[in-house]
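Remarks on the overall topology
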Amino acid sequence: MTGARRGNGSRPARRGQSTTTVGDERSALRVLVMVGGPGAGKGTQARYLSAALGLPHVASGDLFRDAMAEGTPTGLEAKAYYDRGALVPDELTVRMIAERLDQPDAASGAILDGFPRTVPQARALDGFLLRRGTRLEGALYIDVSEDELVRRLSGRWICSGPAQHVYHVVNHPPERPGICDFDGTELSQRADDAADTIVARLEKQLPPMYEVVDYYAERGLLLPVAGETRASEVTDALLRAIEHAVAEPVT
Ligand SMILES: [Zn+2]
């Protein structure tokens with residue numbers, strides 16, 4: 001509802017690159033985003049899809065960690081915000097995503113997880129893709145009810161590494177109890193994973209997420225799937241949704 005009138009062709013294409021021609025090399029770039037509440041299984045599904053589609057899984061947490069560890073200019077910029085406990089601006093995050101998409105393994109595209117979380121971030125991503133002469137292939141929305149999110153989050157264990165990989169005692173246990181599968185760090189339960197704080201956190205995080213859902217729905221880019229079934233069924237549904245979207249792209 002807010003600001004739905006962007007991308008009406010009012011912006012000229014910059015840098016002499018056509019934004020409308022299908023068939024230029026950039027149109028091959030496949031960028032998908034994961035949308036869903038905390039505990040919906042975005043990270044888990046993104047990893048499955050990554051393997052199935054041959055596209056790298058780009059989690060915003062990993063993105064920051066790697067850029068900061070490598071000391072890239074954007075990484076150092078982000079670190080300055082982190083160090084003083086400030087939010088990293090959307091524009092900087094999009095620049096980091098842009099750099100990530102320039103890596104050889106992302107030549108065909110990527111699956112973004114953890115971004116966008118807000119409509120301004122979704123717009124920033126659209127703007128970036130438009131400048132690259134392409135557009136988002138789809139927003140994969142894992143639909144999970146609030147009650148189910150609360151249930152899942154209260155069994156949640158999180159790794160102590162910067163990527164904060166998420167596990168669940170029932171739905172997604174680690175291979176070795178208490179240890180992260182990816183970086184070997186210890187898992188712990190966050191203080192705010194107690195039921196009442198979970199509800200408070202969802203009340204804060206879900207409204208902007210639903211706005212992102214509406215934003216993509218208005219643009220015909222939303223690919224919603226039911227998220228309360230087994231993880232493998234969710235993966236199958238997501239793959240079918242992607243296949244269908246590719247077969248009948250929005251114009
Ligand atoms: Zn981890």
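Presented here is an overview of the structure given in this document. Going along each chain's sequence as written, the residues are numbered from 1 onward. In keeping with the predicted nature of the model, local features appear solely for residues at pLDDT of at least 70, side-chain atom pairs appear and are counted solely at 80 or more, and the whole-chain, interface and lining totals rest on all residues.

**So, the overall build of the protein**
So the rule is basically this: What counts as a helix is a DSSP run of H or I of at least four residues, what counts as a strand is a run of E of at least two, and both are numbered from the N terminus. Exposure classification rests on a simple neighbour count of other C-beta atoms within 10 Å of a residue's own: a residue reaching 20 or more is buried, one at 12 or fewer is exposed, and one in between is partly exposed. C-beta atoms are placed from the backbone. Here, residues touch in the contact sense if the C-beta positions derived from the backbone fall within 7 Å of one another.
Scanning the protein for helices and strands turns up 8 helices and 8 strands. Here the protein holds 251 residues, and 30% of them are scored as buried. Nonlocal contacts in the protein, meaning residues at least 24 apart in sequence, comprise 71% of its contacts between residues at least 6 apart.

**Some words on the packing of helix α4 (residues 90-101) against helix α5 (residues 119-131)**
Operational definition: What counts as an axis is a line fitted to C-alpha atoms, over the stretch in contact for a helix, and the angles between N-to-C directions run from 0 to 180 degrees. When an angle is under 35 degrees it counts as roughly parallel; over 145 it counts as roughly antiparallel; between 65 and 115 it counts as roughly perpendicular; any other value is oblique. Left-handed describes a crossing whose near helix is turned anticlockwise from the far helix by less than a right angle; the clockwise case is right-handed. Side-chain classes are defined by residue name, with Ala, Val, Leu, Ile, Met, Phe, Trp, Tyr, Cys and Pro counting as nonpolar, Asp, Glu, Lys and Arg as charged, and the others, Gly among them, as polar.
Their axes nearest at 10 Å, the elements α4 and α5 cross at an angle of 40 degrees. By the angle between their directions, the pair α4 and α5 is classed as oblique. Here the hand of the crossing between α4 and α5 comes out right-handed. Counting all contacts with α4, which are made through Asp90, Glu91, Val94 and Ala98, the residues of α5 involved are Pro120, Gln121, Ala124, Leu125 and Phe128. Tallied by class, residues from the contact of α4 with α5 come to 6 nonpolar, 1 polar and 2 charged.

**Here we look at the environment of Glu186**
Counting through the fold element by element, Glu186 comes out in the loop between β6 (166-168) and β7 (187-188). Glu186 gets classed as exposed once you count the C-beta atoms within 10 Å, which come to 11. Other than its neighbours up to four places away in sequence, Glu186 contacts Ser160, Gly178 and Ile179.

**A closer look at the pairing of strand β3 (residues 109-113)**
Note the cut-off: The rule for pairing is simple: two strands pair if DSSP sees at least two bridges between them.
Counting buried positions along β3 gives 4 out of 5 residues, so the element sits mostly inside the fold. Bridging between strand β1 (residues 30-35) and β3 involves 5 bridges; their strand directions are parallel. The partner of Val33 across the bridge, within β3, is Leu112. The pairing of strand β2 (residues 57-59) with β3 spans 3 bridges and is classified as parallel.

**Thoughts on the sheet that holds β7**
Read across the open sheet, the 3 strands follow the order β6-β5-β7; overall the sheet is antiparallel. Each having just a single partner strand, β6 and β7 make up the two edges of the open sheet. Pairing analysis gives 3 bridges linking strand β5 (residues 156-159) to β6, with the strands arranged antiparallel. Bridged to Arg156 within β6 is His168.

**Considering α5**
Let me state the cut-off plainly: Given the number of residues in a helix, its expected span is that number minus one, multiplied by 1.5 Å.
Across its 13 residues, α5 extends 18 Å between first and last C-alpha, which sits within 8% of the 18 Å expected from 1.5 Å per residue. Against the buried residues of α5 lie β1, α4 and α7 (195-218). Gly133 occupies a position one or two residues after α5 and carries a positive phi of about 75 degrees.

**Brief notes about the environment of Ser188**
Tracing the backbone shows Ser188 in strand β7. The exposure class of Ser188 is exposed, given the 12 C-beta atoms found within 10 Å. Here Ser188 is in contact with Trp157, Ile158 and Ser160, once residues within four sequence places are set aside.

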